[in-house]
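Observations on the three-dimensional arrangement
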Amino acid sequence: MAVSRDPDVNRAMCPSRLILEHVTSRWGVLVLAALLDRSYRFSELRREVGGVSEKMLAQTLQTLERDGFVHRDAKPVIPPRVDYSLTELGKEAAEQVWGLARWTEKRVDEVFTARARYDEAKERDAAYDETRTP
C-alpha cells in the first residue's frame with residue numbers, strides 16, 4: 001500500500017488518523033499501558049484492564065496486532081496458551097500514550113473544577129435568559 005509522502009494528521013484522508021484512533025482509543029491506551037509492564041495472557045489482561053469486555057479486548061488486541069504494536073504468541077500446548085506483548089513499535093507508542101494517561105490522572109481534580117465552573121456559568125446564563133424572555 002502506498003502511503004502519502006507527507007503524512008499530515010490534519011488532512012481528511014491521512015492514514016495516520018486511523019493509526020492515531022487505534023492507539024488512543026479507550027481500550028487501546030489501557031491495553032498498551034498494561035503491556036508496558038509485562039506480557040499477559042488474555043484473561044490476565046482482561047482483569048488488568050478493568051471494565052473491558054471479552055469482545056472489545058479481542059478486537060483491540062487484533063487491531064493493535066495488525067498495526068504492528070502487539071505481538072501474539074500462541075504456544076502449541078494443551079490447553080492452548082496465548083501471550084500478548086508489545087513490539088518495539090508498540091513500546092514506543094505505549095510510552096507516548098501512557099504519558100498522556102498519567103498526566104490525565106494527575107489533573108482530574110482540575111478538570112472537575114473546570115467542569116463545575118462551566119456548568120454553573122451555563123446555569124446562570126440559562127436562568128438569566130429565562131428572566132429576559134417575554
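Use the structure listed above.
Residues numbered from 1 in each chain as written. Predicted model: local features only at pLDDT ≥ 70, side-chain atom pairs only at ≥ 80, totals over all residues. Heavy atoms only, no water.

1. Focus on the pattern of salt bridges
Taken as a whole and assessed by the stated rule, the structure comprises eight salt bridges. The shortest N-O distance in the salt bridge between glutamate 54 and arginine 46 comes to 3.6 Å. Taking the relative accessible area as the measure of exposure, arginine 46 reaches 33% and is therefore partly exposed. The partner of lysine 75 in a salt bridge is aspartate 83, with the nearest N and O atoms 3.1 Å apart. Judged by its relative accessible area of 9%, aspartate 83 falls in the buried class. Connected via shared salt-bridge partners are Asp73, Lys75, Arg81 and Asp83. (Salt bridge = Lys/Arg side-chain N within 4 Å of Asp/Glu carboxyl O. Buried < 20%, exposed > 50% of the residue type's maximum accessible area, 1.4 Å probe, protein only.)

2. Structural notes on unusual backbone geometry
Isoleucine 78 connects to proline 79 through a cis peptide bond whose omega is -5°. Within the secondary structure layout, proline 79 lies in the loop between strand 2 (70–75) and strand 3 (81–86). (Helix = DSSP H or I, 4+ residues; strand = E, 2+ residues; numbered from the N terminus.)

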